[in-house]
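# Tertiary structure, described
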2 protein chains.
Amino acid sequence: MERKRILVVGLGLIGASLSMALQGFEDYEVVGAVRSRSTYDKAVAKRAADRVTFDHAAELPGADVVILCQDPAGIIGFLRDNRERFKPGCLVCDVCGVKTAVMRAAECLPDSVDFIGCHPMAGKEVSGIDNAEGTLFRNTHFIVTPGPRATPEHLDLLHRMADWCQFGDVIETTPERHDEMIAYTSQMMHVIAVSVCDNEELFSCMGFEGGSFRDCTRVAALDPAMWTQLFTLNAPALSKMVSELEARIHQYRTAIESNDRETLRTMLAHASDRKKQINLERARGDDVHPKF
Amino acid sequence: MERKRILVVGLGLIGASLSMALQGFEDYEVVGAVRSRSTYDKAVAKRAADRVTFDHAAELPGADVVILCQDPAGIIGFLRDNRERFKPGCLVCDVCGVKTAVMRAAECLPDSVDFIGCHPMAGKEVSGIDNAEGTLFRNTHFIVTPGPRATPEHLDLLHRMADWCQFGDVIETTPERHDEMIAYTSQMMHVIAVSVCDNEELFSCMGFEGGSFRDCTRVAALDPAMWTQLFTLNAPALSKMVSELEARIHQYRTAIESNDRETLRTMLAHASDRKKQINLERARGDDVHPKF
């Protein structure tokens, strides 16, 4: 009897890490589909998948699970170009950082195909298969945004795959809520990091930077093409969050400039208390991951 | 012959860590001066100093080195109140995060006292002697801002003390330059962290946060009273930096809202290249710490 097949399309940092993490999962063969010779050679050398191929089209009709690991435009184009090739009854998912736009693109799929948007909340400040590792997902969040056709069997399968990859938990939510949250927790952090690095003092500040500077700017070494897609595909939610941030930073500056110590102290105490509270809730870990 | 004496005034996180790190340094006795019974008991239990006392006034005339580890207002008040008690020829330094205001306050000292502003670029998001450890300074920067009366002997002594505490390097600069740099690399990071935590989504975002969010907001659990002092004592430099940050964040938001992908990609590539460049320079480590 033939083994079931997981096809991972795109072996960049996330795709190759996922492909490595998934090896040995139940009775599935893990196949990695690549486009470049260089990635092919590295994937084979690194044993990033049970099998590596250039021909995703030939693999699709036999794939029980397809995980799209390109950038958002790549995923959207792949869905459009391959919509007739998926195996009826298969599970298709993706791993990119915006969900509304991808879920909308997945509406082009036949009814027999179950698309579930996924977002592993893991990453590194470096990209590509060279930096991939099978342990990348340990104790990170795995967010899933099931569509209206999502079956309990496929959701259960995703939970088992997430367990196998050692994700810390699986969060189910809607694509819209995901995009609002991610605008806040991830995309805005990247806007902040690049804005800080644009300051003319960046190169003269060495010797004066501590942990807070290194932490805040870590993610600035991003992939410009991919983050341009992520930001613009989620423009309304991101713009709202950034606008609120600008207003709040401006309030702090006003209090500092006017030497209004009492207001400043009250503002800082408020924020500090909130942060301490969230640290406590996270440490307690009970009921911290409600279903949305 | 009596041992020489280092008096550490204030055994909070930095003071107690420094006092612990300095024990065994050359032929010095390390004495910790505290105000509260609770800190006294903890310091004794933790052996945070060779000797702990409530009576700084009695220790000052015999102290060869005095390290002021209170908050900025505490340091400034201590200099004013104890100016006549310091031993002629002694070295007085501090550890706080603003230097111009402290150096100005130190002008009240007699000519026989050598004040050198210091700033160990180390910390934690928690404070107090409970969290102190002698290894806190390993591989961090030790910034010194010598005044006009600083002697080569005292500077050399500070270098040897920094070596003993395992600081990564010693950076000499002016108080003004220190305050400009710290506004950028440290204070602005704290303004960002608290501004992010003020967002109403903070408590609903759990499950959606990755490394970038945890890193950026880590320092938000700050001490409101101390940071009110640090921000307002350095208002002009901090205000300038924050204002530039606001402008740059606004430019990103404008590009995102107008769906101007080409501009956005160019901006992101510019910032990302700068960050990669600085990572390289830091990794290379040659000539990265020029004297200012």
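Here the structure is shown first, and the text comes after it.
To keep things clear, this report deals only with the structure shown in the data block. (Residues numbered from 1 in each chain as written. Chains lettered and ligands numbered in written order. Predicted model: local features only at pLDDT ≥ 70, side-chain atom pairs only at ≥ 80, totals over all residues. Heavy atoms only, no water.)

## A closer look at the overall build of chain A
- Of regular secondary structure, chain A possesses 11 helices and eight strands.
- In terms of C-alpha radius of gyration, chain A reaches 21 Å, essentially the compact-globule figure of 19 Å for 292 residues.
- Taking the principal axes of the C-alpha coordinates as reference, chain A spans close to 75 × 40 × 35 Å.
- When burial is assessed residue by residue, chain A has 58% of its 292 residues classed as buried.
- Once local pairs closer than 6 in sequence are excluded, the contacts in chain A between residues at least 24 apart make up 69%.
- Summed over all atoms, the accessible surface of chain A reaches about 11800 Å², with 50% contributed by carbon and sulfur.
- Distance between charge centres in chain A, computed from 33 positive and 42 negative side chains, equals 2 Å. (Helix = DSSP H or I, 4+ residues; strand = E, 2+ residues; numbered from the N terminus. Rg over C-alpha atoms; globule rule 2.2 N^0.38 Å. Buried < 20%, exposed > 50% of the residue type's maximum accessible area, 1.4 Å probe, protein only. Contact = heavy atoms within 4.5 Å. Areas by Shrake-Rupley, 256 points an atom, 1.4 Å probe, with all protein chains shown as cover. Lys, Arg positive; Asp, Glu negative; His and termini not counted. Charge placed at Lys NZ, Arg CZ, Asp CG, Glu CD.)

## Looking at the pairing of strand β5 (residues 91–94) of chain A
Residues and elements named next belong to chain A.
- Residue alternation in β5 divides its side chains into two sets, Leu91 and Cys93 and Val92 and Asp94, and both sets are buried.
- Pairing of strand β4 (residues 65–68) with β5, which is carried by four bridges, proceeds in the parallel orientation. Directly across from Val66, in β5, lies its bridge partner Val92.
- With respect to chirality, the unit in which β4 leads through helix α4 (residues 72–82) into the neighbouring parallel β5 is right-handed.
- The pairing of β5 with strand β6 (residues 114–120) spans three bridges and is classified as parallel. Bridge assignment links Leu91 to a residue of β6, and that residue is Asp114.
- In this fold, the crossover linking β5 to β6 by way of helix α5 (residues 100–105) has right-handed handedness. (Pairing = 2+ DSSP bridges. Right-handed = clockwise from strand over helix to strand, strands pointing away.)

## Details of the pattern of salt bridges
- Scanning the model with the defined rule gives 48 salt bridges over all chains in all.
- For the salt bridge of Asp64 of chain A with Lys87 of chain A, the shortest nitrogen-to-oxygen distance reads 2.7 Å. Of the two residues, Asp64 of chain A sits in the loop between α3 (56–59) and β4 while Lys87 of chain A sits in the loop between α4 and β5, which places them 23 residues apart along the sequence.
- Accessibility expressed as a relative area gives 19% for Asp64 of chain A, which makes it buried.
- A residue is classified by how much of its surface remains accessible, and Lys87 of chain A, at 27% relative accessible area, is partly exposed.
- Across the salt bridge formed by Asp81 of chain B and Arg80 of chain B, the nearest N and O atoms sit 3.3 Å from each other. A single burial state applies to Asp81 of chain B and to Arg80 of chain B, both of which are exposed. (Salt bridge = Lys/Arg side-chain N within 4 Å of Asp/Glu carboxyl O.)

## Here we look at the sheet that holds strand β2 (residues 28–33) of chain B
Residue and element names in this part refer to chain B.
- Strand order in this open sheet of eight strands is β3-β2-β1-β4-β5-β6-β7-β8, and the pairing throughout is mixed. Of all the strands in the sheet, the pair left with one neighbour each is β3 (51–53) and β8 (169–172). Adjacent strand axes in the sheet meet at a mean angle of 25°, parallel and antiparallel pairs treated alike.
- By the bridge criterion, six bridges tie strand β1 (residues 4–9) to β2 in an arrangement that is parallel. Looking at β2, one finds that Arg5 is bridged to Glu29. (Axes fitted to C-alpha atoms, helices over the stretch in contact; angles between N-to-C directions.)

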